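# Overview (structure and organization)
Here is how the chains run, residue by residue.
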Amino acid sequence: MKKFLVVKLSAIGDVIHALPVSYAIKETYPDSHLAWVVEPPARPLLEGNPYIDEIITFNKKEFKSIRGFMKNYGPFRDMLRQHDFDASLDLQGLFKSAAIVHAAGAKKRYGTCNMREMSDHISHPVRGPHRNGHIVDRYLDVARALGCRVEHVKFPVVVSDTDMSHASARLRKEGVPEGQAYAAIAVGANWPNKRWPVEYWAVLCDWLYDEHIIPVLTGGGPVDEDIAFRMSRMMEIPAISLVGKTNLKELAYIMQHARFVIGGDTGPVHLAAGLGTKTIMLMGPTDANRNGPYGQQQNAIEVERACRYCWKRACPSGFDCLAAINVETVKRKIREVLR
């Protein structure tokens, strides 16, 4: 039996992009053992995946201090080496993932085409036919290097009956009746440069109410909570806010049943695209060719700025990057997508 190790640790959106690799491996090697190393925040995305046999949690905090590293590295390395992996796939391409791959000691080691932090010295970078394409296809090129046939691209996200029930009940409790059309709106993003202005969101949500579509705000953390609060104060009718009120699997259910999903280049929006929901993405510092909603890149709206695709967390020139995308442009795209 072949044994494979996938290392994709974080962030949420990146792990979502890598999910089709698990299906590709099992489609070709159904009797293989597939283990995946992931950090705790993204672990729920892998739970219940029928194509992953073992989830190995990497608690990065335990390795940050010298004392912690000395205490935890040996047992972690020994645990990995007991598997005697035939091949590893480093889909992170950073020092921390390279260290894990090196510790595992697989016979063959493959990585992505754009590895950094010396990780290409540990794993062989796969520069496949999609090296200039979408990140999902770049990851699948690494699976192809294993001999995998990639006939279908599948994002295996399994939502339990309990999560479905909780999500459905939460929608009803917050004011979305069963059968009512709603749009899921990812209000924030980790990078300031990926966030649409709050006042634009407020105007769009008021328009959605006029179109008989309830805006449902999603996200998590203090920044998203602040955005949702400020939006509601600007709106004629406050939006339904589920910010901070759902786990990842409940969010998946909400995204899957939305009329459409809209937001910046952020994990929840990529989740929606992977689930097959109509998805609109507002983009500036990153480009749709690499990071747009997979299979729906035509639904990305990119800023008309000469400096777009800068890959900067914050604008060095002080621009509010996505402010160049006006509300009317987004309305037109929504009408087009729903048509």
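Every chain is numbered independently, its residues counted from 1 as its sequence is written. At least 70 in pLDDT is required for a residue's local features to be given in this predicted model, at least 80 for side-chain atom pairs to be given and counted, and no such filter applies to totals for whole chains, interfaces and linings, which use all residues. Hydrogens are left out, water is left out, and the side-chain values use all remaining heavy atoms of the structure.

Our next topic: the packing of aromatic side chains. For any pair of aromatic rings, geometry is given as the distance between the ring centres together with the angle between the planes. Pairing of aromatic rings covers Phe, Tyr and Trp, the last through its six-membered ring, and needs centres within 6.5 Å; plane angles under 30 degrees mean stacked, over 60 mean edge-to-face, and all others mean tilted. As enumerated under the stated definition, the model contains nine aromatic pairs in all. Counting every residue linked through ring pairs, the aromatic cluster contains F58, F63 and F76. Two thresholds decide whether a charge sits over a ring: the Lys NZ or Arg CZ must be within 6 Å of the ring centre and within 35 degrees of the ring normal. Taking NZ or CZ as reference, K194 lies 4.2 Å from the ring centre of W191, over its face. Residue placement shows R305 over the ring face of F319; its charged tip is 4.7 Å from the ring centre.

Turning our attention to the sheet that holds strand β8 (residues 214-218). In this scheme, strands are said to pair when DSSP sees at least two bridges between them. Elements are defined by DSSP. Helices are runs of H or I of four residues or more, strands are runs of E of two residues or more, and each kind is numbered from the N terminus. The six strands lie next to each other as β9-β8-β7-β10-β11-β12, forming an open sheet whose pairing is parallel. For this open sheet the edge positions go to β9 (240-241) and β12 (300-302), each flanked by a neighbour on one side alone.

Bringing the layout of surface pockets into the picture now. With a 1 Å grid spanning the protein atoms alone, the term cavity applies to any set of points in which a 1.4 Å probe fits but cannot get out, the term pocket to an open set with protein on both sides within 12 Å along at least five of seven lines, and the term lining residue to any residue with an atom within 4 Å of a point. Grid points are joined across faces, edges and corners, and a volume is the space filled by probe spheres set on the points. Counted as a void, the largest pocket has a volume near 1400 Å³. Taken together, 46 residues form the lining of the largest pocket, with A11, I12, G13, D14 and N190 sitting closest to its centre. When residues in the lining of the largest pocket are grouped by element, the largest group, four residues, is from helix α1 (residues 12-28). Amino acids outside the nonpolar list (Ala, Val, Leu, Ile, Met, Phe, Trp, Tyr, Cys, Pro) and the charged list (Asp, Glu, Lys, Arg) are all regarded as polar, and Gly is one of them. The residue makeup of the lining of the largest pocket, split by class, is 18 nonpolar, 18 polar and 10 charged.

Two strands in a sheet stick together by hydrogen bonds in their backbones, pointing the same way (parallel) or opposite ways (antiparallel). Judged by pairing direction, the sheet is parallel, and its six strands sit side by side in the order β3-β2-β1-β4-β5-β6 without closing on themselves. Each edge of the sheet is formed by a strand with only one pairing partner; in this case those strands are β3 (54-57) and β6 (124-125). Helix-sheet contacts for α1 involve β1 (3-7), β2 (33-38) and β4 (87-90), and the interaxial angle to β2 is about 170 degrees. The contact definition used throughout considers only heavy atoms, calling two residues in contact when any of these lie within 4.5 Å. Here the axes come from fitting lines to C-alpha atoms, over the contacting stretch only for helices, and the angles between their N-to-C directions go from 0 to 180 degrees.

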